[in-house]
Amino acid sequence: RGARQPRVHTAPDKDKPSRILRVSLEGNIAVGKSTFAKLLNAATKDWDVALEPVSKWQSVDTSQETVSNLLDIMYRDPQRWSYTFQTFSCMSRMRTQLQPPATHLLGSGGQPVQVFERSVYSDRYIFALTLFEMGCINATEWAVYQNWHSFLLEQFAQRLELEGIIYLKAPPQMCLERLQRRGRDEEKDVKLDYLEKLHVQHENWLVNKSTELHFEQLKRVPVLELDATVDFEKDKEVKNNLISQVRNFFS
Ligand code: TTP
């Protein structure tokens, strides 16, 4: 019943215990990142989790007395809107990652950790890359995206660096079932094939390390792979097991 033992690819730097660690939570669509993020938030005041602002993409203020549902129009017409979506999602990530840590973290007695649900890195190496490979982002848009992405990451290099990545992993078929169960209207036409592509992209980046990354530091970020096929929403034993794996990873 419990989760498998974690695969820690390398351990975070433990020589600087008082430094705030910055960690991102990655995994396929509907794998359960938000649920897991809330678990982490509730586990100890040493950890602060910035949740993913999906609602921001569902209501973009156009200042013309209307709001635009960018998530919806992107799924309806991916060729037209994927580039726009990825610029907007990446900017909201960038804003979140650049925010100073919550004040309670500064005085926390233990090892303070800032956790982000996804990152500017998955925006590029999971979504934008997949959408480019599928032809939803064209070659010019991809060149433009990479150009500003690299520039901004170089400018903010230190502040965007991660000390760890938690990878929630489950088979794409299971993610599809969870996606259908939660019934987010915009996602009703998402197909297994798309989740499989995103899964391979996660594996190439976080496990096989075969993605061509443009940031050397990113290749060395320690990854904690967690089995997300288990019921970490309701099963207390499973919950505790996962939390203690995360605790070990951070300490
Ligand atoms: P996710 O970031 O995977 O969030 P989620 O709510 O599915 O996560 P979980 O269930 O694990 O808590 O994706 C939200 C939606 O936005 C999803 O339909 C995919 C889409 N999306 C993109 O198209 N591009 C992106 O860069 C990101 C981050 C999401």
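Refer to the preceding data block for the structure.
Residues numbered from 1 in each chain as written. Predicted model: local features only at pLDDT ≥ 70, side-chain atom pairs only at ≥ 80, totals over all residues. Heavy atoms only, no water.

*Asks:* Lay out unusual backbone geometry with the relevant residues and their values.
*Replies:* The phi dihedral of Ala-30 is positive, around 65 degrees, even though this residue is not glycine. Mapped onto the elements of the fold, Ala-30 is located in the loop between β2 (21-27) and α1 (33-43). (Helix = DSSP H or I, 4+ residues; strand = E, 2+ residues; numbered from the N terminus.)

*Asks:* Outline the site of the ligand, listing residues and values.
*Replies:* Residues in contact with the ligand amount to 23 residues; listed here are only the nearest, Lys-33, Tyr-75, Arg-118, Arg-182 and Glu-187. Ser-34 is positioned such that a nitrogen or oxygen atom in its backbone is 2.7 Å from an oxygen atom of the ligand. Surface burial for the ligand is 98%, taken as the share of its 590 Å² of free accessible area covered by protein chains. Of all the elements in the fold, those that place two or more residues in the shell around the ligand are α1, α3 (70-76), α4 (78-98) and α6 (120-133). (Near = heavy atom within 4 Å. Polar contact = N/O pair within 3.5 Å; in protein donor to acceptor, adjacent residues only side chain to side chain. Areas by Shrake-Rupley, 256 points an atom, 1.4 Å probe, with all protein chains shown as cover.)

*Asks:* Can you lay out the pairing of strand β8 (residues 223-227) for me, pointing to particular residues and giving the numbers?
*Replies:* A large share of β8 lies buried, amounting to five of its five residues. Alternating positions in β8 separate into two faces, Val-223, Glu-225 and Asp-227 on one and Leu-224 and Leu-226 on the other, with burial throughout. (Buried < 20%, exposed > 50% of the residue type's maximum accessible area, 1.4 Å probe, protein only.)

*Asks:* Outline the packing of α1 against helix α12 (residues 236-250), supporting the account with residue identities and numerical values.
*Replies:* In contact at an axis separation of 11 Å, α1 and α12 are set at 70 degrees when each is read in the N-to-C sense. When the axis of α1 is compared with that of α12, the two are roughly perpendicular. When α1 is examined against α12, the residues Phe-36, Leu-39, Leu-40 and Ala-43 are found in contact with a partner set consisting of Lys-239, Leu-242, Ile-243 and Val-246. Its residues placed into classes, the contact of α1 with α12 shows seven nonpolar, no polar and one charged. (Axes fitted to C-alpha atoms, helices over the stretch in contact; angles between N-to-C directions. Parallel < 35°, antiparallel > 145°, perpendicular 65-115°, else oblique. Contact = heavy atoms within 4.5 Å. Nonpolar A, V, L, I, M, F, W, Y, C, P; charged D, E, K, R; others polar.)

*Asks:* Quick rundown of the pattern of salt bridges? Include the residues and the values.
*Replies:* In total, this model carries eleven salt bridges according to the counting rule given. Arg-184 is the partner of Glu-187 in a salt bridge, and the nearest nitrogen-oxygen pair spans 2.9 Å. Under the relative-accessibility criterion, Arg-184 is labelled partly exposed at 25%. (Salt bridge = Lys/Arg side-chain N within 4 Å of Asp/Glu carboxyl O.)

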